[in-house]
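# Examining the three-dimensional arrangement
Chain by chain, the residues run as shown.
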Amino acid sequence: MEDTRSAEEEWEPKPGMIFDSLDNLVQHYKSYGNKMGFEVIIRSSKKGYDGEVTNATLACSCIGKSRSNPVNAFKMHPVTKTDCKARIGAAVRSDGKWKICSVVFDHNHELSSPTKSRYFRSNRIIQPYVKRKLEVNDRAGIRPNKNFNSMLVEAGGAENLPFLQKDCRNYIEKVRRLRLDEEGRLKNVLWVDARSRAAFKEFGDVVTFDTTYLTNKYDMPFGAFVGVDHHGHSILLGCGLISNEDTKTFVWLFQSWLACMLNCAPKAIITDQDKAMQNAIEIVFPGTRHRWCLWHIMKKLPEKLRGYSQYEQIKFSLQNAVYDSLTCEEFEERWNRYIDKYNLHDNDWLLGVQ
């Protein structure tokens, strides 16, 4: 027991201990945490006028209080925040070295076994050569679980791997979202932030998706997912740059966006009359009602109807039916009269947008 205690005292951080750098201090406290069974995070830091860090607080990852989940109060979640007070405070000296100023040892929760410290998030690292192998195998069509199992065998067991299977899956998913072309350039990219996800949760029943924005200097179409809030204002729900406007690319974009929205599909989506986009929506959003954008339809009137001798009257009557109908029944009645009046039964484009 005395030998064990003396070894622990060697690891323990003590006020007055000096380190050459903040990184060395962090590594020392992390090593101590691994041996004791708790994960270490940088809780806070303070910078001086020159922008360099002058003070830092390193703490147990259980610091802080858990947030309640009012959305689903009956769903159980593991408690990871216990307002633990264990921490160290340190400051930089005039010679650039770091000195521990204060130490709190006591934890208010049960510590993990030191043998399980490899499961701490900060200790789970995928080395560059492993990342490369994951990417090569993924391109070859090897499933993530088979990918991980091969590395498990090579390492001689899970205890010899510094990462978990879910880390491999997460990395593969990230790489899939950022595929590069043969010249090492970015092909497709999707951007969704926390505000977009929160907005979709409240106003995501109907979403519009449009790629008619001007292309940039890289000649990549820009597509935006847009909703409408309770004030009638447009809200951005995500956007992306894509290399092609084919079904495969749209499937990737829609699937990536859906994953960001926790696989919660909108009830309806409005797009232009792009066939590739329509095919992708049928694949990714099979239960979502798909409708075409009215603006795009009306924009095509000259192209599709100018050949008729009564073009001006045809256009005017169609605009009346579209903009002045207050109910579905009223629109259907006006539409049928419109088709009959101008004998447009053979116009495939009009019949297709009905």
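The structure displayed is predicted, hence computed values, not measured ones.

## Focus on the overall build of the protein chain
Helix and strand counts for the protein chain stand at 13 helices and 11 strands. Taking all 354 residues of the protein chain together, the buried fraction comes to 36%. Once local pairs closer than 6 in sequence are excluded, the contacts in the protein chain between residues at least 24 apart make up 52%. As displayed, the protein chain offers around 22,700 Å² of accessible surface, 52% of which is attributable to carbon and sulfur atoms.

## Thoughts on the side chain of Thr249
Assignment of secondary structure puts Thr249 in helix α7 (residues 247-260). The class of Thr249 is buried, set by a relative accessible area of 7%. Setting aside residues no more than four positions away along its own chain, Thr249 makes contact with Asn188, Ile242 and Asn244.

## Digging into the side chain of Ser256
Locating Ser256 in the fold gives a position in helix α7. Accessibility expressed as a relative area gives 6% for Ser256, which makes it buried. From its side chain, Ser256 meets the backbone oxygen of Trp252 in a polar contact 2.8 Å long.

## Comments concerning the pairing of strand β5 (residues 98-104)
Pairing analysis gives 2 bridges linking strand β1 (residues 18-19) to β5, with the strands arranged antiparallel. Its bridge partner being in β5, Phe19 is matched across the sheet by Trp98. Of the strand pairs in this sheet, strand β4 (residues 87-92) and β5 are connected by 6 bridges, and their pairing is antiparallel. Paired with Ala91 across the strands is Lys99, a residue of β5. As consecutive antiparallel partners, β4 and β5 are separated by 5 residues, and within that stretch Gly96 has a phi angle of approximately 90°, a positive value.

## Some details on the confidence of the model for the protein chain
Per-residue confidence for the protein chain averages 82 on the pLDDT scale, and 88% of its residues sit at or above 70. Between residues 73-77, whose pLDDT stays under 50, and residues either more than four places distant or in other chains, the model counts 1 contact.

## Observations regarding the pattern of salt bridges
Tallied over the full model, the rule gives 8 salt bridges. The salt bridge partner of Asp95 is Arg93, with a shortest N-O separation of 2.6 Å. Judged by relative accessible area, Asp95 falls into the partly exposed class, the value being 47%. Of the residues examined, Arg93 reaches a relative accessible area of 35% and is grouped as partly exposed.

## Notes on the packing of helix α11 (residues 311-324) against helix α12 (residues 328-341)
For the pair α11 and α12, interaxial distance at closest approach is 9 Å and the crossing angle is 170°. The angle between the axes of α11 and α12 places the two elements in the roughly antiparallel class. Contact with α11, carried on its side by Ile314, Ser317, Leu318, Asn320, Ala321, Val322 and Asp324, involves Glu330, Phe331, Arg334, Trp335 and Tyr338 of α12 and no other residues of that element. Each residue belonging to the contact of α11 with α12 can be placed in one class, and the counts come to 7 nonpolar, 2 polar and 3 charged.

## Remarks on the nonpolar core
One finds Phe209, Phe225, Leu237, Phe250, Phe254, Trp257 and Phe285 to be the most contacted residues of the largest nonpolar core, which totals 25 residues. Secondary-structure elements contributing two or more residues to this core are α6 (194-203), β7 (206-210), β9 (234-241), α7 and α8 (275-284). By residue number, the principal contributor to this core is α7, which donates 7 residues. Residues contacting Phe250, with those up to four places away along its chain left out, are Phe209, Thr211, Ile242, Glu245, Asp274, Ala276, Met277 and Ala280. Listed in part, the 18 residues of the second largest apolar core include Val26, Tyr32, Ala90 and Ile100.

## Quick look at the pairing of β7
Within a regular strand, the side chains alternate between the two sheet faces. Here β7 pairs with strand β10 (residues 268-271) via 3 bridges, running parallel. The partner of Val206 across the bridge, within β10, is Ala268. Two strands pair when backbone bridges link them, and β7 and strand β8 (residues 222-228) are joined in this way by 3 bridges, in the antiparallel orientation. Following the sheet pairing, Phe209 is matched in β8 by Phe225.

## Structural notes on the sheet that holds strand β2 (residues 40-47)
Strands belonging to one sheet form pairs held by backbone hydrogen bonds; the direction of such a pair is parallel or antiparallel. Read across the open sheet, the 5 strands follow the order β1-β5-β4-β3-β2; overall the sheet is antiparallel. Unpaired on one side and paired on the other, β1 and β2 mark the two borders of the sheet. Bridging between strand β3 (residues 53-60) and β4 involves 5 bridges; their strand directions are antiparallel. Residue Asn55 lies in a different strand from β4, and its bridge partner there is Ala91. Set on the sheet, helix α2 (residues 22-36) makes contact with β1, β2, β3, β4 and β5; between it and β3 the angle comes to about 10°.

About the thresholds
- Residues numbered from 1 in each chain as written.
- Predicted model: local features only at pLDDT ≥ 70, side-chain atom pairs only at ≥ 80, totals over all residues.
- Heavy atoms only, no water.
- Helix = DSSP H or I, 4+ residues; strand = E, 2+ residues; numbered from the N terminus.
- Buried < 20%, exposed > 50% of the residue type's maximum accessible area, 1.4 Å probe, protein only.
- Contact = heavy atoms within 4.5 Å.
- Areas by Shrake-Rupley, 256 points an atom, 1.4 Å probe, with all protein chains shown as cover.
- Polar contact = N/O pair within 3.5 Å; in protein donor to acceptor, adjacent residues only side chain to side chain.
- Pairing = 2+ DSSP bridges.
- pLDDT = per-residue confidence, 0-100.
- Salt bridge = Lys/Arg side-chain N within 4 Å of Asp/Glu carboxyl O.
- Axes fitted to C-alpha atoms, helices over the stretch in contact; angles between N-to-C directions.
- Parallel < 35°, antiparallel > 145°, perpendicular 65-115°, else oblique.
- Nonpolar A, V, L, I, M, F, W, Y, C, P; charged D, E, K, R; others polar.
- Core = buried A, V, L, I, M, F, W, Y, C linked by side-chain atoms within 4.5 Å.

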